[in-house]
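Listed below, chain by chain, are the residues.
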Amino acid sequence: MEKQIILTVQNIVKYYDNQKVLNAIDLEVRAGTVLALMGPNGSGKTTLIKILSSLEEADKGEVYYQGELINKENSLNFRRQIGFIWQKTLLYNASVYNNVALGLQFRNYSEDKIKDKVDSTLDRLGIVDLKERNAKSLSGGQQQKVSIARTLVTDPQIIFIDEPNTSLDLESIELVEKIIKEESQAGVPIVLITHNFYQAKNLGDEIIFMKEGEKVTHETPAEFFEQREELLRYV
Amino acid sequence: MDYILEGLSAALRLLFNLNPEIREIALLSIMVSTSSTLIASLLGIPLGFVVAHYDFQGKGIIITILNTLLSLPTVVVGLLVFSFISNQGPLGNLELLYTPLGIIMGQTILALPIVVTLSLNVIKESEDKIIDTALSLGASKKQAMILLFKEVRFGILGAVITAYGRVIGEVGLSMMVGGNIRRVTRTLTTAIAMETSKGEFGFGLALGIILMTIALAINLVLHYFQEVRT
Ligand SMILES: Nc1ncnc2c1ncn2[C@@H]1O[C@H](COP(=O)(O)OP(=O)(O)OP(=O)(O)O)[C@@H](O)[C@H]1O
Ligand SMILES: [Mg+2]
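Parameters and conventions
- Residues numbered from 1 in each chain as written.
- Chains lettered and ligands numbered in written order.
- Predicted model: local features only at pLDDT ≥ 70, side-chain atom pairs only at ≥ 80, totals over all residues.
- Heavy atoms only, no water.
- Helix = DSSP H or I, 4+ residues; strand = E, 2+ residues; numbered from the N terminus.
- Rg over C-alpha atoms; globule rule 2.2 N^0.38 Å.
- Buried < 20%, exposed > 50% of the residue type's maximum accessible area, 1.4 Å probe, protein only.
- Contact = heavy atoms within 4.5 Å.
- Areas by Shrake-Rupley, 256 points an atom, 1.4 Å probe, with all protein chains shown as cover.
- Lys, Arg positive; Asp, Glu negative; His and termini not counted.
- Charge placed at Lys NZ, Arg CZ, Asp CG, Glu CD.
- Buried area = accessible area lost by both parts, 1.4 Å probe.
- Salt bridge = Lys/Arg side-chain N within 4 Å of Asp/Glu carboxyl O.
- Nonpolar A, V, L, I, M, F, W, Y, C, P; charged D, E, K, R; others polar.
- UniProt positions renumbered as here; feature names shortened; annotations may be inferred.
- Core = buried A, V, L, I, M, F, W, Y, C linked by side-chain atoms within 4.5 Å.

### Remarks on the overall build of chain A
Tallying secondary structure elements over chain A gives 8 helices and 10 strands in all. Here the C-alpha radius of gyration of chain A, 18 Å, is about what a compact globule of 235 residues would show, namely 18 Å. Based on the C-alpha atoms only, the size of chain A along its principal axes is roughly 50 × 45 × 40 Å. Buried positions account for 54% of the 235 residues belonging to chain A. By sequence separation, contacts in chain A at least 24 residues apart represent 69% of the contacts at least 6 residues apart. Just so you have it, chain A exposes about 11,100 Å², and 44% of that area is on carbon and sulfur atoms. The distance from the centre of the 28 positive side-chain charges to the centre of the 35 negative ones in chain A is 3 Å.

Given below as structure tokens:
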């Protein structure tokens, strides 16, 4: 049975300073699947997921969430359904607890609810002991974990991850991979940008390869690695 | 050496006895500089935000003007203000020349470009990432803005303190626009310049010690906030 379509984008075009960085991108994101986005530096991967998550406006094209066209009126509501883990994390000058609580405060959760959810999420990532530390004083890897906690705590219905491996040690990479598996098994679709083709192969249900703002391929890892070996030298 | 030591002991005696004239001069200086810094901040922080945040025609020119003002000697700003508020100047009928209000006006012009450019830099440096991250966490535009201000508040405070340091220590403008009139417009810096040239070294030194203490306090506060920031 085909999995349910959660997100559809059609004919996305994006310019930065008269330079076309995305050209006619179409794609679908389905429930419980991991979509791996690969491609060389500057090929438009980050720009694409910023448009998919309503952080950036496309110059042309549409994004549909569960069949509904995203526009100015409903984009805040849409943004509150998604989670985004950045390539370079930015934590705020506050305790780990307050950083993780932020998304829930934006959504006007009660203090009690916030406390429960933050505590259980810190526990899930094994960083309960960092709770009272200032987030800015943490190591790169610890910060990345806090930023993952900050995203998961809001129970996102789609998760976008931009290159999670930067500044993580092996153990932490495994933790991220475990979480990606858990979330996708729970039905949450995940769009994962990665330069690591083993990761794309192991975690991905589908692989999109981009080059110069164009979608070059969109297929399963098996097909991809059978036929497209030559693309990998770009990554 | 004796000369310096004698001056120092005279200075300490004056300070210890809370000499009323010294107290008056110090209070006027603090009042004038605090007012001008406050006005410059009320105007300058929003202006810095607008220039950092929005793209508009003439933005480049504004930044160039601000940078030029930043490096102007205080006497040149004094000259400019003087020409406006002297009897024949366009604002002559307001009778601001040789009044504390006149000095406040001039010092505001000195402080404004400092507040604007420094807060502009602080906001520009961190704005995109802070806003993007907040939006991705489900913030509304307004919630993202509030978070931005919370994050840059120490940097902006640093800009305000730097501006205060510039105006409390300047002498050229206060002299030209204020005229160093006893009990009216005599500030710490203009009094130091005059008393010392008059040979009242101890008196000048006492004022100098106050000024140095203020400068030290300013730098300690600045240092503290920069530490907290990072
Ligand atoms: N805010 C911006 N202003 C101008 N140009 C931009 C901006 N953001 C991205 N670009 C340009 O758009 C193109 C695509 O950038 P993007 O960050 O999407 O690439 P990427 O595939 O994520 O690269 P990487 O693997 O290095 O992260 C690049 O040429 C980049 O210089
Ligand atoms: Mg990128």
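Having seen the structure, we can now continue with the description.
### Topic: the interface of chain B and chain A
Between chain B and chain A, the residue contacts involve 17 residues of the former and 20 residues of the latter. In total, chain B and chain A occlude about 1,700 Å² of area from one another, counting both sides; carbon and sulfur atoms represent 55% of this. Per-residue buried area on chain B facing chain A is highest for K129, S136 and L137 of chain B; these three make up 34% of the total on that side. Linking chain B to chain A there are 1 salt bridge. D132 of chain B is the partner of K50 of chain A in a salt bridge, and the nearest nitrogen-oxygen pair spans 3.2 Å. Elements with a contribution of two residues or more to the side of chain B that touches chain A: α5 (100-136), α6 (141-169) and α9 (201-229) of chain B. Counted by class, the side of chain B that touches chain A contains 8 nonpolar, 5 polar and 4 charged residues.

### Details of the UniProt feature "transmembrane region" (unreviewed entry) in chain B
All names here are of chain B. As annotated by UniProt and renumbered to match this structure, "transmembrane region" (unreviewed entry) occupies residues 25-49, 61-85, 97-123, 144-165 and 203-225. Taken end to end, residues 25-49 has its terminal C-alpha atoms 35 Å apart, with 100% of it in helix and 0% in strand. With 100% helix and 0% strand, residues 203-225 has end C-alpha atoms that lie 34 Å from one another.

### Here's the deal with unusual backbone geometry
One non-glycine residue, Q66 of chain A, lies in positive phi territory at about 45 degrees. One can find Q66 of chain A in the loop between β4 (60-65) and β5 (68-69). Exposure remark for Q66 of chain A: the relative accessible area of 48% places this residue in the partly exposed category. Phi is positive for Y98 of chain B, close to 60 degrees, though the residue is something other than glycine. With respect to the secondary-structure elements, Y98 of chain B resides in the loop between α4 (74-85) and α5.

### As for the nonpolar core
Judged by nonpolar contacts, the single largest core of 50 residues is most densely connected at L7, L27 and F160 of chain A. Considering every element that reaches this core, the biggest residue donor is α5 of chain B, with 7 residues. Here L27 of chain A is in contact with L7, T8, V9, L35, L48, L52, I208 and K215 of chain A, once residues within four sequence places are set aside. Counting residues in hydrophobic clusters, the runner-up holds 33 residues, among them L91, I114, V146 and L203 of chain A.

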